[in-house]
Each structure stands twice: as C-alpha cells, then as structure tokens.
Amino acid sequence: SSHSRSLRPSMFDIAKIRADFPLLNETVNEQPLVYLDSAATSQKPQAVIDALARFYSHENANVHRGRHTLSENATRQYEHTRTLLADYFSVKANELVWTKGATESINLIANGLASRLKPGDKIAISAIEHHANIVPWQQLAKRTGADLIILPIEDDLVIDSVKCCEFIKLYQPKIVAVTHASNTLGNITDLAPIITACKAINAISVIDGAQAAMHLRPNLQEISCDFYVFSAHKMLGPTGLGGLYGRFELLNSLDVYQTGGEMIETVSLTQSTFRDAPGKFEAGTPNIAGVIAFSEAIKYLTSLDFQQMRQHEHTVFDYAIKQLSAIDGINIYSNQIHNIGNISFNYRDEHPFDLATLLDGFGVAVRSGHHCTQPIMSHLHIPGTVRASFALYNNKDDVDAFIDALKNSIELLD
C-alpha cells in the first residue's frame, strides 16, 4: 500500500548520518573539513570507534584457542562478524577469509594458484587496475613462466565487456583479474559478460572489489565470480583488515599462503596437516579487535536502505560533475554515468599536487598523483590527477565548499 509506505520515515537522513561520523566535525587549516578522499579510506562511524575501545577495555582475549569466558566471548563475536559479512555479500561464512586488506587478499590468491600455471599460460588483467591487482600477477607470471596479457578498454577507460569476451575466448587465459570499480576514475565494470566468458573456458575470475564493496553492495552469489577481494577500511571499518570471498571448492584447493599456529589440523616434527578453508588461510593471531569493530560497520551499512543510499550518492556525484564541468579549463577523466562516486580531473596544465595543496588550505581533502594506477596516467599522457571521491556521508554543501575552494585556488594559480 503506497499510503503506509509514505508514512515510513526516510531511512536516509543525511544530517543524522553525518552526525554519526565524528571526524566530519573537525577543522583543518582553520576551515571546516570537507572530506573528499573516501576512495583512499572511508571515515568511521562512532559505533565502530566505540567497539574498538570496548574490546580492548573490557573484552580483550585471544580467539579460538581459549576455554575461558573472555576467549569464548571474543571468538563468538569474531565469527559473528564473518556471518554478518556473509549475509552482506550473499555468500556462506566458510567462503570468507580474513586478511589485512585487499592487497594481501590478491597476494594470497596469486600465491595459491601458482602450482596451476605452466610456462606459456596466460593471466589477463586490465590497464585500469590498481597496482595491487597488477604487481602480484606480474610476480606470478615471472615465477611460473606465464604471460601477462591486457584486456581491451574503451577510449573513456571503461573495460570493454564485449571486446573482453572475444579476447578471453581467443586467448584462453587461465586467470582473469579485473576491478569492479576503478579507484582512480570510479568507472564501474560490467562484470556479468566477463564472468560468463571466463566460465565458458574454465578461467578463474578474480574481482578487485576494494572500491565497490561499499558503494555497490555486491551480491556475490549473483555476480558468481570465483574470488572477490575487499578492504574493511573502505567500508567504514578499521584499517589493517580486509578479506576475500572464494568459491568454497576452489578456495579450499588453494595452496596455503602463510603457515604457523591456528591454521593447522595436526603437527608432528616432520609433517603437518592443515584445516579446511577459511582456517587454513588464517595463520597466527588475527586483528581481533578490528574484526569485531568491523561488525558495527557492516551493521551500519545494512541499516541503510541501499537504493536510497545509492540515490543519495548519485545525486551528490552528479551535482559535483555539473559544477565542475562549468569551470573553464577543467578536464574530467572519469566516466560520468557508471561511477561509484570518484572524480579524477585536472585544471589546464597545472600540476595536480599544486591544486591539491591549495585546496587543503581551504580545508578540502582530496588526493593527487597517480593513485597507484600509473598505466592509466601513461594512457592519458598526464603526470597524475586530482581525485575527489564521495561517499554516503557527503552532501551538496561539501560540493559547494569544494567548488568554492577550487575557484579560489584557480585564481591563485592564474
């Protein structure tokens, strides 16, 4: 009934949401902070910060091994986060491995697949990948004698799904590693046809979800990739924590990455056996406090209506694009339609560092440089970009303050 729906209070109250993030109330260089660097790390709601403090103040104990109350309580909370995250991604808890971030996750996968590759096999990546989804595959190719091949992209630096499918069919790579959304440009990849093409030739698909995990709330069952990696700190959670999803049979068949306590089944002086996934990939004492605090971030994200959150992010992003485009001499490199909310731009031939430094003087936090994507910069023939990245807690006032600061900065440059 439309009547009862209209009575439901809007679940996306931006003023209320902003109040949950203490850092947004800070000042920088005597100016109110305008935080436009969420692609580098998202801000944390108070609930996440409180959970960290609470664990260390009142609950601190190691997980899995203890029989005492504190340890059992910590273990229960730690594993509960895994369950919450499994619900978030629509997968099973035993398909999620904790790591220290998306970078370690990709390294773990690359290491685990090494024994499946022989000289002449192919690994496909794209030119818009973060260095963390390039360098581990370069190293793996070097170790195994495999060849690294580059998937086709369109002129506007969007992965060309149609051409990719033909490319995958033609070159028959063993592994295809692509980003779900570009950290530099925000461009969203149409994954469905690429994953279908991978399945047709039994290629293993590895998706870098570091940027997309929060903005797109991916249903991994529907996406149906083999692996998906993410970082907690880009999902309102703590730093030094992330993980990977792996289809269970495939995940469990990977070679172990690190060895030591906790990941073993039995150990004698001459040999050892390992636990099933995810345990076999979680050696040593994990980031327990981080995992437990991350549960608050997941709860926070799932408490928001996803369509409303996405709509809000779109509205702010579109508004920023329109305002930016109206400034003479601004070049925008990002796809302006299929985007998670990252805008990469330059002003004439000014160096991005200079512009970012001036913006910082006005309290506006943006990132400048090559954003760990040097191949993108080579492709565009530029030294770097200024990147303004938006998240659910940004609003139009942030955009106005940013545009105002940008115009003032440009006046200082000219």
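Our subject is the structure that appears above.
If you're wondering where the values come from, they're calculated on a predicted model, not measured in any experiment. Note on numbering: residues in each chain are counted from 1, in written sequence order. Confidence filtering applies because this is a predicted model: local features only for residues at pLDDT of at least 70, side-chain atom pairs given and counted only at 80 or more, and all residues used for totals across whole chains, interfaces and linings. Computation of side-chain values covers all heavy atoms of the structure but excludes hydrogens and water.

1. A look at the overall build of the protein chain
Logical step 1: Helix numbering and strand numbering both begin at the N terminus, where a helix is a DSSP run of H or I of at least 4 residues and a strand a DSSP run of E of at least 2. When you go through the protein chain residue by residue, the secondary structure sums to 16 helices and 17 strands.
Logical step 2: Each radius of gyration reported is based on C-alpha atoms, and the globular scaling rule is 2.2 Å times the count of residues to the power 0.38. Whereas a compact globule of 414 residues would reach a radius of gyration of roughly 22 Å, the protein chain reaches 22 Å, a difference of no more than 12%.
Logical step 3: For the protein chain, the spread of C-alpha atoms along the principal axes amounts to about 70 × 55 × 50 Å.
Logical step 4: Working rule for contacts: check all heavy atoms of both residues, and any pair within 4.5 Å makes them a contact. The long-range share in the protein chain, meaning contacts at least 24 apart out of those at least 6 apart in sequence, stands at 70%.
Logical step 5: Only the protein chains shown count as cover for residues, and all accessible areas are computed by the Shrake-Rupley method using a 1.4 Å probe. Carbon and sulfur atoms provide 51% of the accessible area of the protein chain, an area that totals close to 18,200 Å².
Logical step 6: In summary, the charge assignment counts Lys and Arg as positive and Asp and Glu as negative, without counting His or the chain termini. To locate a charge, take atom NZ for lysine, CZ for arginine, CG for aspartate or CD for glutamate. Each charge class in the protein chain can be summarised by its mean position, and for the 34 positive and 45 negative side chains these summaries are 7 Å apart.

2. Topic: the sheet that holds strand β17 (residues 385–389)
Logical step 1: A pair of strands is labelled paired if DSSP reports no fewer than 2 bridges between them. Across the sheet, 4 strands lie side by side as β13-β14-β17-β16; this open sheet has antiparallel pairing. Each edge of the open sheet is held by one strand with a lone partner, namely β13 (330–332) and β16 (367–369). Taken pair by pair, the neighbouring strands of this sheet meet at an average axis angle of 30°, ignoring direction.
Logical step 2: Sheet analysis places strand β14 (residues 342–347) next to β17, joined by 4 bridges and oriented antiparallel. The residue bridging I343 from the neighbouring strand is A388, located in β17.
Logical step 3: Interaxial angle, 0 to 180 degrees, is taken between N-to-C directions of lines fitted to C-alpha atoms, where a helix line uses only the stretch in contact. Across the sheet, helix α14 (residues 352–361) is in contact with β14, β16 and β17; its angle to β16 comes to roughly 160°.

3. Notes on the pairing of strand β5 (residues 122–126)
Logical step 1: Partly exposed describes any residue whose relative accessible area lies between the buried limit of under 20% and the exposed limit of over 50%, with all areas from a 1.4 Å probe on protein chains only and scaled to the type maximum. Counting buried positions along β5 gives 4 out of 5 residues, so the element sits mostly inside the fold.
Logical step 2: Across 5 bridges, the pairing between β5 and strand β6 (residues 147–151) is parallel. Its bridge partner lying in β6, I125 is registered against I150.
Logical step 3: Seen with its strands pointing away from the viewer, a crossover is right-handed when the path leading from the first strand over the helix to the second is clockwise. Regarding the hand of the β-α-β motif, the stretch spanning β5, helix α6 (residues 135–144) and β6 is right-handed.
Logical step 4: As defined by bridge partners, β5 adjoins strand β7 (residues 175–179) across 3 bridges and the pair is classed as parallel. Bridging from a neighbouring strand, I125 pairs with A177 of β7.

4. Re α6
Logical step 1: What α6 keeps buried is the set P136, W137, L140, A141 and T144. Along α6, the residues classed as buried sweep out an arc of 140° about the axis, all on the same side.
Logical step 2: Contact partners of the buried residues in α6: α5 (102–113), β5, β6, β7 and β8 (204–208).
Logical step 3: Backbone geometry just after α6 places G145 at a positive phi near 80°. Directions from the helix axis toward the C-beta atoms define the arc.

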